[in-house]
Amino acid sequence: MGKDTLTITDNRTGKTYEIPIQYGTYPTYGASIRTADLRQIKVSEGDFGLMGYDPAFMNTASCKSTITFIDGERGILRYRGYPIEQLAERSTFLETAYLILHGELPTRKQLDEWTYHITHHTMIHENIKKFMDGFHYDAHPMGILVGTVGALSTFYPDAKDIRDPADRKQQIFRLIAKMPTLAAFAYRHSLGMPYAYPDNDLSYAGNFLNMLFKKTELKYKPDPVLEKALDVLFVLHVDHEQNCSANAMRSVGSSHVDPYSAVAAATAALYGPLHGGANEAVLRMLREIGSKEKIPEFIKKVKTREALLMGFGHRIYKNYDPRARIIREIARQVFTVTGPNPLLDIAIELERIALEDEFFVTRRLYPNVDFYSGIIYEAMGFPVDIYPVLFAIGRTPGWLAQWQEMLTDPDQKIARPRQVYTGSDHRDYVPIELRR
Ligand code: CMC
């Protein structure tokens, strides 16, 4: 084995530089150099020095992290070292949320305390309902969520004290607890139904179903299969390392704004159809395709770039997304309760055709987490536009873990990328009467 350094020769000057290579947990995955080390590479003394140019962070690590590991080539996802398959099968959303935020699985006592605190912060200030009422009846619930979660910062001015660990903990309880309440209220607003208040006797997922679907019954009883399925879906969404919304959370949080404002920014990032909005887009796409016979016609449109096959492709996974595999199995369980969904047949056939087609094979496009989740949500009775909201609820502990790690990392500062300027050189102002 040679030295852990990189030798670079600048052919403009003939000078040679030696730059250290650093490693993470795995020597073969994630070796990196500090791009700041490139700044010493200059043509002349006054030269700014070399930068890395990497639009969309295609090959730039923005942080060191101990939270989530993904090997996209092999389709591996682990939270704090634990494989997603084991957590989906044996853990619960609240236990996984604890794990992702604390780094270790809780003891029984720690889990009970954690669950107690989350359960007892689910209420929202009555004034929030007044904001909700101000939204138009057909307002997208994700737009309502972005607005109302950001507005929470005005109710908790103490949240500005982001350097105090006890204070951060309080906001973490509140955010994980209140996201489902905001989401459910947004949904009921769109139906013109009275808001249903949290029920502390129910589980996290069970209470969410209660706030969404409770009608005149005195006590809402969630179907245990659907409650479990929703809990597992939340587990699968908890974190996914430096994706678009986690990056938004870190970037906005790096200005030291309160976490409600940063979560609003992360939620806004998640709203887009290339990110958390994809589950909604998948369902609309499947409905548009309508029948198995129409699939070849749709695939043709994808190949001529008139459409995207939503729920396919991933920046990191160049293999089957492990979450998609688990979700396919949950779909089977859910349909034993809700009855079969014809869209599932279209999705399975679409996947079969795409996985054999040269266009998708050569680009290594596989189903991602959003491909099957929408079909389950539909079977469970969720309206299409609430799907990204479900993603946001599951992802909140991950955002908070990323935020906390960023705040406590001595390497981190306010996020401020460089740019390569390609505009005009200096020029003098021209009075309007002299302009052509
Ligand atoms: N349908 C058709 N072609 C695709 C798709 C797709 N879904 N995804 C990628 N491609 C093509 C793309 O056109 C490009 O082809 P070419 O090299 O000929 O120009 C090639 O595959 C590489 O794609 P890319 O756009 O460079 O990849 P990216 O890493 O920038 O984008 C992505 C990743 C997820 C935004 C993209 O795959 C996509 O738009 N997928 C559909 C939306 C989707 O399902 N999003 C959910 C992502 S998973 C959950 C989450 O993160 O929220």
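It should be emphasised that the depicted structure is a prediction, and the values quoted were computed from it without experimental measurement.

**Notes on the pattern of salt bridges**
Next up, step 1: Within this structure, the stated rule accounts for 22 salt bridges.
Next up, step 2: With a shortest N-O distance of 3.4 Å, Asp411 and Arg34 are connected by a salt bridge. Placement of the pair is Asp411 in the segment after helix H17 (387-408) and Arg34 in the loop between strand S2 (15-20) and strand S3 (68-71), with a sequence separation of 377 residues.
Next up, step 3: Classification of Arg34 as partly exposed rests on a relative accessible area of 41%.
Next up, step 4: Across the pair Arg287 and Glu378 runs a salt bridge, and its minimum N-O distance is 2.7 Å. You can see Arg287 sitting in helix H11 (residues 278-289) and its partner Glu378 sitting in helix H16 (residues 370-379), a full 91 residues away along the chain.
Next up, step 5: On the basis of relative accessible area, Glu378 is assigned to the partly exposed category, the value being 22%.
Next up, step 6: Through salt bridges with shared partners, one network takes in Arg34, Lys64 and Asp411.

**Overview of the layout of surface pockets**
Next up, step 1: Computed from the structure, the second largest pocket encloses a volume of approximately 270 Å³.
Next up, step 2: As for the second largest pocket, its lining consists of 21 residues, and the residues nearest its centre are Leu94, Thr115, Ser203, Tyr204 and Ala205.
Next up, step 3: Looking at the lining of the second largest pocket, the elements that each hand over two or more residues are helix H2 (93-102), helix H3 (108-119), helix H6 (165-191), helix H7 (204-213) and helix H8 (224-237).
Next up, step 4: Sorting elements by how many residues they give to the lining of the second largest pocket places H3 first, with four residues.
Next up, step 5: Looking at side-chain class alone, the lining of the second largest pocket contains nine nonpolar, seven polar and five charged residues.

**A few points about the domain arrangement of the protein chain**
For an interface, size is often stated in terms of accessible area lost upon the parts coming together.
Next up, step 1: According to the domain assignment, the protein chain consists of domain 1 (5-57) and domain 2 (93-410).
Next up, step 2: The straight-line distance from the C-alpha centre of domain 1 to that of domain 2 is 39 Å.

**What about the site of the ligand?**
Next up, step 1: Near the ligand, the surroundings consist of 21 residues, among which His275, Arg305, Leu309, Gly311 and Arg315 are the closest.
Next up, step 2: Take Arg305: an N or O atom from its side chain is 2.6 Å from an oxygen atom of the ligand.
Next up, step 3: The separation between a nitrogen atom of the ligand and a polar main-chain atom of Leu309 is 2.7 Å.
Next up, step 4: Protein coverage of the free-state accessible area of the ligand, which is 930 Å², stands at 73%.
Next up, step 5: Across the shell around the ligand, the residue classes tally to eleven nonpolar, six polar and four charged.

**Considerations on the sheet that holds S3**
Next up, step 1: The strand order S3-S4-S5 describes an open sheet built from three strands, whose pairing is antiparallel. Edge positions in the open sheet fall to S3 and strand S5 (82-83), since each of these has one partner strand only.
Next up, step 2: As judged from the two bridges shared by strand S4 (residues 76-79) and S5, these two strands associate in the antiparallel manner. By the bridge assignment, Tyr79 is partnered in S5 with Tyr82.

**Notes on the packing of H11 against helix H14 (residues 342-356)**
Next up, step 1: Interhelical geometry of H11 versus H14 gives an angle of 95 degrees and a closest axis separation of 10 Å. Here H11 lies roughly perpendicular to H14, going by the angle between them. Here Leu283, Met285, Leu286, Arg287 and Ile289 of H11 come into contact with H14, specifically with Leu343, Ile346, Ala347 and Leu350.
Next up, step 2: Tallied by class, the residues present in the contact of H11 with H14 amount to eight nonpolar, no polar and one charged.

**Focus: the environment of His117**
Next up, step 1: The residue His117 is located in helix H3 in this model.
Next up, step 2: Each C-alpha atom of the pair His117 and Glu349 lies 45 Å from the other, and the pair is 232 residues apart in sequence.

**Here's the deal with the side chain of Asp199**
Next up, step 1: By secondary structure assignment, the location of Asp199 is in the loop between H6 and H7.
Next up, step 2: Classification of Asp199 as buried rests on a relative accessible area of 13%.
Next up, step 3: A distance of 2.9 Å separates a polar side-chain atom of Asp199 from the backbone nitrogen of Asp201.
Next up, step 4: Leave out the neighbours within four places in its chain, and Asp199 touches Asn207, Asn210 and Lys219.

Reading the values: rules and limits
Residues numbered from 1 in each chain as written. Predicted model: local features only at pLDDT ≥ 70, side-chain atom pairs only at ≥ 80, totals over all residues. Heavy atoms only, no water. Salt bridge = Lys/Arg side-chain N within 4 Å of Asp/Glu carboxyl O. Helix = DSSP H or I, 4+ residues; strand = E, 2+ residues; numbered from the N terminus. Buried < 20%, exposed > 50% of the residue type's maximum accessible area, 1.4 Å probe, protein only. 1 Å grid on protein atoms, 1.4 Å probe; cavity = no way out; pocket = protein on both sides within 12 Å on 5 of 7 lines; lining within 4 Å. Points joined across faces, edges and corners; volume = space filled by probe spheres on them. Nonpolar A, V, L, I, M, F, W, Y, C, P; charged D, E, K, R; others polar. Domains from an automatic or database assignment. Near = heavy atom within 4 Å. Polar contact = N/O pair within 3.5 Å; in protein donor to acceptor, adjacent residues only side chain to side chain. Areas by Shrake-Rupley, 256 points an atom, 1.4 Å probe, with all protein chains shown as cover. Pairing = 2+ DSSP bridges. Axes fitted to C-alpha atoms, helices over the stretch in contact; angles between N-to-C directions. Parallel < 35°, antiparallel > 145°, perpendicular 65-115°, else oblique. Contact = heavy atoms within 4.5 Å.

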